[in-house]
Amino acid sequence: MTSTWGDDVAGEAETVAARLRDGMETGVLSFPLTSFHDDGSLDPEGCRAHVAAQIATGPGAVFPACGTGEFFSLDEDEYRQVVTIAVEEAGGRLPVVAGIGYGWAQAVRFARIAEEAGADALLVLPHYLVAAPQEGLVAQLEQIAARTRLPLIAYQRGQVAYTAASLRRIAALPNVIGLKDGHSDLDRLQRLTLAAPAGFLFFNGASTAEIQARAYATVGVPAYSSAVHAFAPEIANAFFAALRDGDDKTVQRLLRDFYVPLVELRDRVPGYAVSLVKAAARLRGRPVGPVRAPLTDPSAGDLADLEALLTTGLDLVGAAL
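Residues numbered from 1 in each chain as written. Predicted model: local features only at pLDDT ≥ 70, side-chain atom pairs only at ≥ 80, totals over all residues. Heavy atoms only, no water.

A. Local environment of the sheet that holds strand β2 (residues 61–62). Within the open sheet, the 3 strands sit side by side as β2-β1-β8. Their pairing is parallel. At either margin of the open sheet sits one strand with a lone partner, and together these are β2 and β8 (225–226). Examined bridge by bridge, strand β1 (residues 29–30) and β2 share 2 bridges and lie parallel to one another. What sits directly across from serine 30, in β2, is valine 62. (Pairing = 2+ DSSP bridges. Helix = DSSP H or I, 4+ residues; strand = E, 2+ residues; numbered from the N terminus.)

Below you can see the structure in the form of structure tokens.
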């Protein structure tokens, strides 16, 4: 499907891609949490405080209302508030990439809201429920790309996995600028990076991405998103700096004593990839509130283990709970 937008879309997309590329070289990609009150209603003030605190720690870009931000549980008005807050707090200092998803028709509704709110780009989360052939995966991106001026980053995870041929097709769309990978299939990912045009963005979107950051870097994908940044930017930034500077001793220590135990704790209960992040943020006094159903907050025992692990991780980088 041909885009209905003019040639200026490609130029705008390249400008945003350049900003993201610069940011990805200097910091982790921040995926802030969405704050809720105890009754489950949106807490805009909590969102603003959390996003402001995240931005103050120097991430390469901020991605509101994505997986960690519980996009799947937000209605359109809440989504508008969350993205608007992130744009206001960023103030043009770093790119704001909002999540969109479900089927393409709904994704376009969210895309229009994000565009009105001032987002710089969109992360296209995996479509809802059904498996689809490659032709359908490409068509999904084509339908969205034809209906928004904003640059798009495709997210392959779950039922979405592109072949090299499909990657070439979506990369040819004037406003598709990159790919976030959550499969950790390095053979496939290497084929995709080789198939992509020069300047196409890739980043590691695996759960607890730091665990596989070195492996991703070997296939030309050093940039990554960091859920840990949402509750312990001191740890996330220390790991990023050690990895960038070749400080293998620090990388090993943080992996062994913090990140691997965190993954083991995360794997105890489905949904803990978000629930533990929110719980850890609350342990540090961040006003993020509980998760929304169908996610559940950690049990008392798991929360105690999380607090002990968080204390250990912060101590490793010279910070305190």
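B. Structural view of the environment of asparagine 204. Inspection of the secondary structure assignment puts asparagine 204 in strand β7 (residues 201–204). Asparagine 204 sits 102 residues away from tyrosine 102 along the chain, and the two C-alpha atoms are 22 Å apart. Each residue touching asparagine 204, except ones within four places of it in the same chain, is listed here: Asp181, Ala209, Gln212, Ala213, Tyr216, Val221, Ala223, Tyr224 and Ser225. (Contact = heavy atoms within 4.5 Å.)

C. Representation of the packing of aromatic side chains. The full count for this structure, using the stated rule, is 12 aromatic pairs. Centre to centre, the rings of phenylalanine 258 and tyrosine 259 are 5.0 Å apart; their planes meet at 80°, and the pair counts as edge-to-face. Grouping residues by exposure puts phenylalanine 258 and tyrosine 259 together as buried. Through a chain of ring-to-ring contacts, the aromatic side chains of Tyr224, Phe239, Phe240, Phe258 and Tyr259 assemble into a single cluster. Here lysine 180 stacks its cationic end above the ring of tyrosine 155, 4.3 Å away from the centre of that ring. (Phe/Tyr/Trp six-rings, centres within 6.5 Å; stacked < 30°, edge-to-face > 60°. Buried < 20%, exposed > 50% of the residue type's maximum accessible area, 1.4 Å probe, protein only. Lys NZ or Arg CZ within 6 Å of the ring centre and 35° of its normal.)

D. Focus on helix α12 (residues 300–316). Look at α12: 25 Å from first C-alpha to last across 17 residues, which is about the 24 Å you get at 1.5 Å a residue. Of the residues making up α12, those classed as buried are Asp302, Leu306, Leu309, Leu310, Gly313 and Leu314. The buried residues of α12 occupy an angular sector of 135° when projected down its axis, which confines them to one face. Exposed and facing more than 90 degrees away from the buried side of α12 are Ala300 and Asp315. Those residues of α12 that are buried lie in contact with α9 (233–245), α10 (248–266) and α11 (272–283). In the segment just after α12, glycine 318 is the residue with positive phi, at about 75°. (Expected span 1.5 Å × (residues − 1). Arc of directions from axis to C-beta.)

E. Spatial organisation of the pattern of salt bridges. Tallying each qualifying case throughout the model produces 19 salt bridges. Glutamate 70 is the partner of lysine 278 in a salt bridge, and the nearest nitrogen-oxygen pair spans 2.8 Å. A residue pair is termed long-range when its members are at least 10 positions apart, and lysine 278 in helix α11 and glutamate 70 in the loop between β2 and α3 (76–90) qualify at 208 residues. On the basis of relative accessible area, lysine 278 is assigned to the buried category, the value being 0%. (Salt bridge = Lys/Arg side-chain N within 4 Å of Asp/Glu carboxyl O.)

F. The side chain of arginine 284, seen in detail. Tracing the backbone through its elements, the reader meets arginine 284 in the loop between α11 and α12. At 3.1 Å, the side chain of arginine 284 forms a polar contact with the backbone oxygen of phenylalanine 231. (Polar contact = N/O pair within 3.5 Å; in protein donor to acceptor, adjacent residues only side chain to side chain.)

G. Geometry of the sheet that holds strand β4 (residues 121–124). With respect to topology, 5 strands assemble into an open sheet ordered β3-β4-β5-β6-β7, the strand pairing being parallel. What marks the edges here is a single partner per strand, and that holds for β3 (97–100) and β7. Between one strand axis and the next, the sheet turns by 25° as a mean value, whatever way the strands run. Bridge count between strand β6 (residues 176–181) and β7: 4 bridges; the pairing is parallel. Counterpart to lysine 180 in the pairing with β7 is phenylalanine 203. Helix α5 (residues 134–145) contacts β3, β4, β5 (152–156) and β6 of the sheet and is inclined by roughly 155° relative to β5. (Axes fitted to C-alpha atoms, helices over the stretch in contact; angles between N-to-C directions.)

H. Broad picture of the pairing of β4. Residues of β4 alternate between two faces, with Ala121 and Leu123 on one and Leu122 and Val124 on the opposite face, all of them buried. Of the pairings in the sheet, the one linking β3 to β4 comprises 4 bridges and is parallel in character. Looking at the pairing, isoleucine 100 lines up with valine 124 of β4. In terms of handedness, the path from β3 via helix α4 (residues 104–117) over to β4 forms a crossover that is right-handed. Of the pairings in the sheet, the one linking β4 to β5 comprises 3 bridges and is parallel in character. Within β5, the position partnered with valine 124 by the bridge is alanine 154. Traced from β4 through α5 to β5, the parallel crossover comes out right-handed. (Right-handed = clockwise from strand over helix to strand, strands pointing away.)

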